[in-house]
Amino acid sequence: MWAYTDFSDSRWKFTTKYVSLRMDPANSSSQKLGLWNAKTWAAYALNGQLFIKRYSPAASTNYPDFGCSFEMFTNNEFLEMETLGPITKVPAGGEVEHSERWSIHRNVQLKAITDAEIDRIVLPLLGF
């Protein structure tokens, strides 16, 4: 959690299994949360479409920002779903790869941010 994060902000929603963050153009305060999860995924719902981002972080490595493999951020201009790679020393001429799997699904009606609704709508799209 970052010092400016306020979990009493109405854009946050916490269920037993999930964390949700909503962007509001009328609210300019910044909100950010990061975490590490072996099965990192995030979904963004808008106008009947659902964007899903998946990432498989490497266990037993060091990650930036307090060990986070995923961060979400919002202010009044945008919402960000960001995966992070491990801290890696890259030698001269070397390279590093960071892979995400993206999918977009149409005609998705997420009626509420509840465990039951996310389990019913999103988890089948993830293959869980």
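Residues numbered from 1 in each chain as written. Predicted model: local features only at pLDDT ≥ 70, side-chain atom pairs only at ≥ 80, totals over all residues. Heavy atoms only, no water.

Novice: Explain the side chain of Thr74 here, please?
Specialist: Here Thr74 lies in strand E6 (residues 70-74). With a relative accessible area of 0%, Thr74 lands in the buried category. Within the structure, Thr74 has its side chain in polar contact with the backbone oxygen of Phe78 (distance 3.0 Å). For Thr74, the residues in contact, after removing those within four places along its chain, are Arg11, Leu21, Arg22, Met23, Ser29, Ser30, Gln31 and Leu79. (Helix = DSSP H or I, 4+ residues; strand = E, 2+ residues; numbered from the N terminus. Buried < 20%, exposed > 50% of the residue type's maximum accessible area, 1.4 Å probe, protein only. Polar contact = N/O pair within 3.5 Å; in protein donor to acceptor, adjacent residues only side chain to side chain. Contact = heavy atoms within 4.5 Å.)

Novice: Whenever I open this one, the sheet that holds strand E3 (residues 31-35) confuses me. Can you help?
Specialist: Sheets are built from strands paired through backbone hydrogen bonds, the pairs being either parallel or antiparallel. Strand order in the open sheet formed by 3 strands is E3-E6-E7, with antiparallel pairing between adjacent strands. Pairing within the sheet leaves two strands with one partner each, and these edge strands are E3 and strand E7 (79-83). The average undirected angle you get between the axes of adjacent strands in this sheet is 10°. Bridge count between E3 and E6: 5 bridges; the pairing is antiparallel. For Gln31, the partnering residue across the bridge sits in E6 and is Thr74. (Pairing = 2+ DSSP bridges. Axes fitted to C-alpha atoms, helices over the stretch in contact; angles between N-to-C directions.)

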